[in-house]
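# A structural walkthrough
Spelled out, the chains give:
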There are 4 protein chains.
Amino acid sequence: MKKIVLAYSGGLDTSVAIKWLKEKYDSEVIALCVDVGEGKDLEFVKAKAEKIGAIKSYMVDAQEEFLKDYAFPALKANAMYEGVYPLSSGLSRPLICKLLVDVAKKESAFAVAHGCTGKGNDQVRFDVSVTALAPELEIIAPVREWPMSREEEIDYAAKNDIPIPIGKDNPFSIDQNLWGRSIECGVLEDPWVEPPEEAFEWTVSPEKAPNTPTYIEITFEKGIPIALDGKQMPPVELVKTLNKIAGQNGFGRIDHVENRLVGIKSRENYECPASLLLIKAHQDLEHLTLTKDVLHFKYCIEQKYAELIYDGLWFSPLKDALDAFIDKTQEVVNGTVRVKLFKGNAKVVGRKSPNSLYDLNLATYAEDVKDMFDHNSAKGFITLWGLPTKVNAIVNSAKASK
Amino acid sequence: MKKIVLAYSGGLDTSVAIKWLKEKYDSEVIALCVDVGEGKDLEFVKAKAEKIGAIKSYMVDAQEEFLKDYAFPALKANAMYEGVYPLSSGLSRPLICKLLVDVAKKESAFAVAHGCTGKGNDQVRFDVSVTALAPELEIIAPVREWPMSREEEIDYAAKNDIPIPIGKDNPFSIDQNLWGRSIECGVLEDPWVEPPEEAFEWTVSPEKAPNTPTYIEITFEKGIPIALDGKQMPPVELVKTLNKIAGQNGFGRIDHVENRLVGIKSRENYECPASLLLIKAHQDLEHLTLTKDVLHFKYCIEQKYAELIYDGLWFSPLKDALDAFIDKTQEVVNGTVRVKLFKGNAKVVGRKSPNSLYDLNLATYAEDVKDMFDHNSAKGFITLWGLPTKVNAIVNSAKASK
Amino acid sequence: MKKIVLAYSGGLDTSVAIKWLKEKYDSEVIALCVDVGEGKDLEFVKAKAEKIGAIKSYMVDAQEEFLKDYAFPALKANAMYEGVYPLSSGLSRPLICKLLVDVAKKESAFAVAHGCTGKGNDQVRFDVSVTALAPELEIIAPVREWPMSREEEIDYAAKNDIPIPIGKDNPFSIDQNLWGRSIECGVLEDPWVEPPEEAFEWTVSPEKAPNTPTYIEITFEKGIPIALDGKQMPPVELVKTLNKIAGQNGFGRIDHVENRLVGIKSRENYECPASLLLIKAHQDLEHLTLTKDVLHFKYCIEQKYAELIYDGLWFSPLKDALDAFIDKTQEVVNGTVRVKLFKGNAKVVGRKSPNSLYDLNLATYAEDVKDMFDHNSAKGFITLWGLPTKVNAIVNSAKASK
Amino acid sequence: MKKIVLAYSGGLDTSVAIKWLKEKYDSEVIALCVDVGEGKDLEFVKAKAEKIGAIKSYMVDAQEEFLKDYAFPALKANAMYEGVYPLSSGLSRPLICKLLVDVAKKESAFAVAHGCTGKGNDQVRFDVSVTALAPELEIIAPVREWPMSREEEIDYAAKNDIPIPIGKDNPFSIDQNLWGRSIECGVLEDPWVEPPEEAFEWTVSPEKAPNTPTYIEITFEKGIPIALDGKQMPPVELVKTLNKIAGQNGFGRIDHVENRLVGIKSRENYECPASLLLIKAHQDLEHLTLTKDVLHFKYCIEQKYAELIYDGLWFSPLKDALDAFIDKTQEVVNGTVRVKLFKGNAKVVGRKSPNSLYDLNLATYAEDVKDMFDHNSAKGFITLWGLPTKVNAIVNSAKASK
């Protein structure tokens, strides 16, 4: 019998999809449950899939792989879509696709399936990532394809003994992993409405945060965080710790009217305590260790990198080439950044590095420090720097005379 | 007798320069005192210049011109050097140069003079801006040219009856105007040291800010702020009010290891309550009103714009062309942004616009809203969007097989 | 009865479309025949449309509008897709759409129609341009929608008394206007095959071009060509003359493996004698008249501009903003360029301008010319220019020691 | 005794410099003669240096190193300054500096010296490259520093028994290596004057080139040329052969009004038969093998790369990072390009590659080829592609109504 591997979350859509795929495609369905730090009970999800009708259920704790191979490369790029959003969802999708393809190959499945709708960015990320990794695999998106409304879906579930989540619905649509938590829908769809407190789970409101600041020191090696307050820490522990500390101090909330790939704007809210904090600290360390040329040119690399992730092109030749650029720049991004967390703020208040390009002797105005800088060079520099302006002013008549 | 027009601040350097220029160049010195919002006593400064030996002293209140013609164009560009600094000093220099050149022409002076040293960015901005406006004028930078140490300068002042500022020295070097206040030197030169509270004057520390948030609404027209909380307000009053409100809430401090034009890194601190707040609000309104294409392309325009200002090229053909681009985009940047200020935070919590491109009907997942968006289009879109990836995967062997 | 306005070329596809649209949509069809310099017999085309069944037929000579409002703005941008192709087809589509919309409004039509297939770029340009101008209009693409193969189409034509072009088929697919002629299909689809001579109509092969060179002088005003060999000439005459002169000298052939918007590569050949020549001359004049800053930054504007046109986004806010930038830069692009045409070459051999920023006194090494350039400034300049490199070398250990 | 290593060309300036350096710095002078393909008699140059007074003379044939480590990386970047000039001089300078530093370290010299004047780009390239490699070395530029006019220099030579080149002066200033030949000064300084035939040595005029075309096939591996007409060929032989073949066909002349780093424009002429030809062929192969994303983004990398070389920043962290990007993209740039050379033209007329992304099945309109491309996908694609335009048109009132 033909096989389909389904990315299974345990929610209503993918639960219904197990049954629907079996019927529609006359196939066996294999569920794949991936943990990228949502904090869900994987054993329960795995059992649920099998109970509904999956012939087999895979569980993968992909938290470390997620950080090392997806989130940290994005951190080195300071990747924030539209300068605002650290791409938490966009980063987990290619990893899930890689795992889907791995299982599909192992199980000789003809297709993979995912639970994305036809209006978001995630469908693009799933479809394109799978295509990049295994162009021969079919890709099925049940929710995009079936004609059921929400009510019909619930009816379908009831008729097929598929457990329906009970109790009051979460008024929001949530996606979360170690790099952040996204909150959509409900009252948030009106961009004039302030997000209510109930939307947030990882961060307290700044008003309720502690009345005294928390100072932390993050140490980076080649652009990657390796220690907290001087103590070496593996990636998952480090990011979980930072999510907790920053969240407790009310830091990490994002409110964004965002341009989706599929041509529309949407209003998104996020909680990204660890990722935002790490990016801030990493940017600051780059200011200390990168030359001006590298720093200024890297901005356009960073923007393109963030757009690629957002647009589902993680597995693409351009992404690989951008990574090569970024990795080269990170060789000197070593050092420690000191951050003050307080009631919603995270401010870098100190930074040091063995690769610091800040030279006190050069920068200071103080007289008691020996001065390497030749004041007279400045005049020569300015003469040539301003020469094109001068020629232009003479030729095209001075501005002032207009 | 030959005449020199000196940009006069009332401080020691430019006071000494009045005497020094007279002697060295055998010329009459005309002082120009410009108010761009430093809050200094212009009458006192004017009188001081004349007492020291200036044959004439001009006073110009340039606050409104500064905002309208320099700061607000930069706001439309969201201009922040290295993504961090709103360029307060960089924006006032070209205005002062324009005024210097105006007076020089009126007085038939052969030269203008300024008090910049040979190590900072400002000397470049002065020299190049004057050149752009009046390439025939000589430019003299006494502090860069004279061979005096600080002690020798004080001796020179004493010998020449030039008043020396008394009392405890400010441990920092300060420059300020309506768009921000920069703080350099002293303990701040060590980038690992947290800036002490005494460095700040415009902002309270977040710890000392009020325990309840302040909400404000800023209204923009073509990218320019025109009203506060629904009340029309002229530029100077609006910016002063925002500096006060935001400063009282502890918002606006910047700590930056910055790449100077003259080849070195320096550690800079700034207080920019109003300018940072306005840029944040303006960026958010752009997210609502600009198409994705414009928004994403504008980033590279903005970066170049900020670099141009920083590098002293305000009066340059490239700056004019960038302005034309930016002004065109701002035609639709109309609307109101709601900001919550609280203990160092300024968060945009709502935005609305007659030119909003956010369409609830398109973006929502909710079923009770009529759905213009054709779910089926998504599949076609993704097929073509992913086609280059597919062809590449087939030709260059799928990634997964590596 | 409902009305549809069809962009009518006189060829088989749009001829069949007249009948097909009438039947399928139960509507009256109004034909619009636009002349953008293809050199076709508009009267004949108009009559043919009516004979086949159009209730009315519009003829528009849009040659001058095409050059003034579409091709010349692109010339100011030196717009060449992928650095190679002057976008002749991409530029005519928005104009045709504008005319379609004009007629549709005048005739109160509910839809416009065009003859594009589902695989090229033109369908995108038509659909998006019409949407931008009149989002309320329906857009119908019969060839994309009908299920007919080429043979079925010919059968359909025969059954419906639609004239079928007789004689030997042109082995290529052609589109042409004043800005160029594109040649696709047939043997050209193999990118290893050299284009045969029979593909070309506007250019002789370099081997057959005259044995003596032709020199011409083109004069530009604000980036627009206004005179040939010192004689003022209106746009259409000037471009037609250049197409002839350059074509006779074998200049203007392009062979390009090109990335279509719809995700595939295609091999395209073009003949663009006038447009290529004008772009070459215009670029050269910009080298003489633009400052380095403007020239270097304009490259990224130009690339985006070319992509926008190619991608069907002529009527978009980003295009408007780019135009504003470009127009500002062109104020000084005045002057005359001398070009030598010879057997496939067009070489700029001289250029002059009242706005020339080339200053013989500054550039020359010759001793008999007075030297404004201060040789000593160079040393100061280099010291600061190289300072970041020096600090980096000291901190991160000199390269040579690796 | 202290030692200085001088980059020695055998010309008047560096010959005089041997004596001048000895006297002025009371040092021993070691001459370094590097062959990067100028075709000069190195043995003669070496002997001349010693005769004039150098205590030692090094000869280095650096032709292969020049191509492999400098010119070919630039080829992979399609590096052309201002889109025009393949940077022949700019590429050889860092290599000469590397060799200077090697000798200086071996000989424990305190300084290196070069013969650049104070007005060109080369002084910057020398000074900054040496600084990057050995920040502790002093750099001396005798011609920039001595106060001698040309006549005084000749007198100085005469008095010191330094041979003065006899016969009619070359009316031009020449620099040449395997990557090209630059020609400056004399009548060329007037940008309106057509370069006279006597300026050129490597290329015949198109008029005098053969009357029948020459076809060649160049094979690339990872972006590097490895074979000519199917025959493997080492770099130096391949480039020399191409310089000859292309030059004989009149191809490779460049006429450029160029923006120097030191703030001025200059008019430059070049002969670059091999380098221009290789770049053209390489670009074409990239069109066949790179995805659109990579190709389009690489343009901005290429521009920055060319500027870096021009500006003397070959040895810089940004250059290293750009190289990493470029090398990654070149992994698939394999294949063969067929070029037709004829009377000044070099036209690519065919290209093939095992990594070709051109797919006949996808691109063709022909019906006899099976069609993988789903025509219906196009409609969905265009709907979403045009959606932002549509929303913008509805919100901001359709363009046509203006």
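Given the structure is predicted, the values throughout are model-derived calculations rather than measurements.

Turning to the interface of chain D and chain A, a few remarks are in order. With 24 residues of chain D at the contact, the number on the chain A side is 24 residues. Breaking the side of chain D that touches chain A down by element, the ones donating at least two residues are helix 10 (292-310), helix 11 (317-329), helix 13 (375-385) and helix 14 (387-395) of chain D. At 10 residues, the largest contribution of residues to the side of chain D that touches chain A is made by helix 11 of chain D. Of the residues assigned to the side of chain D that touches chain A, the class counts are 15 nonpolar, 4 polar and 5 charged.

With that settled, consider the relation of the copies chain D and chain A. Once chain D is rotated about the relating axis by 180° and shifted along it by 0.0 Å, it coincides with chain A to within an RMSD of 0.0 Å. Both copies of the chain, as the preceding transformation shows, are related through a two-fold rotation axis. Comparing interface residues between copies, 100% of those in chain D also lie at the interface in chain A; the contact surface is shared.

Turning our attention to the UniProt feature "domain: Arginosuccinate synthase-like N-terminal" (unreviewed entry) in chain A. UniProt tags residues 3-163 of chain A as "domain: Arginosuccinate synthase-like N-terminal" (unreviewed entry). Within the segment residues 3-163 of chain A, helix and strand shares are 53% and 16% respectively, and the terminal C-alpha atoms sit 23 Å apart.

For the pair chain D and chain C, the superposition axis carries a translation of 0.0 Å, the fit reaches an RMSD of 0.0 Å, and the rotation angle comes to 180°. The residues that chain D uses at the interface reappear at the interface of chain C in 100% of cases, marking a shared surface.

What follows deals with the domain arrangement of chain A. Residue and element names in this part refer to chain A. Looking at the assigned domains, one finds that chain A contains domain 1 (3-159) and domain 2 (201-252 + 271-352). Just the C-alpha atoms count here: the centres of domain 1 and domain 2 sit 28 Å apart. Counting only elements with at least two residues in the side of domain 1 that touches domain 2, the list comes to helix 3 (63-76), helix 4 (88-107) and helix 5 (122-133). Examining the composition of the side of domain 1 that touches domain 2, we find that 9 residues originate from one element, helix 3, more than from any other. Residue composition of the side of domain 1 that touches domain 2, by class: 17 nonpolar, 6 polar and 4 charged.

The next thing to look at is the sheet that holds strand 7 (residues 180-184) of chain B. Residue and element names in this part refer to chain B. Strand order in the open sheet formed by 4 strands is 6-7-12-11, and the pairing between neighbours is antiparallel. A strand with exactly one partner marks an edge of an open sheet, and here the two such strands are strand 6 (173-177) and strand 11 (253-259). Across the sheet, the mean angle separating the axes of adjacent strands is 25° when strand polarity is ignored. Bridge count between strand 6 and strand 7: 5 bridges; the pairing is antiparallel.

Attention now goes to the environment of Val187(B). All names here are of chain B. Summarising the element assignment, Val187 is placed in the loop between strand 7 and strand 8 (214-221). Exposure remark for Val187: the 13 C-beta atoms within 10 Å place this residue in the partly exposed category. Between the C-alpha atoms of Val187 and Ala199, which are 12 residues apart in sequence, the distance is 9.8 Å. Setting aside anything within four residues of it in sequence, one finds Val187 in contact with Val193 and Pro196.

Packed helix pairs are specified by the crossing angle of their axes together with the interaxial distance, meaning the distance between the axes. Residues and elements named next belong to chain A. In the contact formed by helix 10 (residues 292-310) and helix 11 (residues 317-329), the axes pass within 10 Å of each other and the chain directions differ by 145°. Every pair of crossing elements has a handedness; the one defined by helix 10 and helix 11 is left-handed. Counting all contacts with helix 10, which are made through Val294, Lys298, Ile301, Lys304, Tyr305 and Leu308, the residues of helix 11 involved are Leu318, Lys319, Leu322, Phe325, Ile326 and Thr329. Tallied by class, residues from the contact of helix 10 with helix 11 come to 8 nonpolar, 1 polar and 3 charged.

Rules used in this analysis
- Residues numbered from 1 in each chain as written.
- Chains lettered and ligands numbered in written order.
- Predicted model: local features only at pLDDT ≥ 70, side-chain atom pairs only at ≥ 80, totals over all residues.
- Contact = placed C-beta atoms within 7 Å.
- Helix = DSSP H or I, 4+ residues; strand = E, 2+ residues; numbered from the N terminus.
- Nonpolar A, V, L, I, M, F, W, Y, C, P; charged D, E, K, R; others polar.
- Least-squares fit on C-alpha atoms with pLDDT ≥ 70 in both.
- UniProt positions renumbered as here; feature names shortened; annotations may be inferred.
- Domains from an automatic or database assignment.
- Pairing = 2+ DSSP bridges.
- Axes fitted to C-alpha atoms, helices over the stretch in contact; angles between N-to-C directions.
- Buried ≥ 20, exposed ≤ 12 C-beta atoms within 10 Å, placed from the backbone.
- Left-handed = near helix turned anticlockwise from the far one by under 90°.

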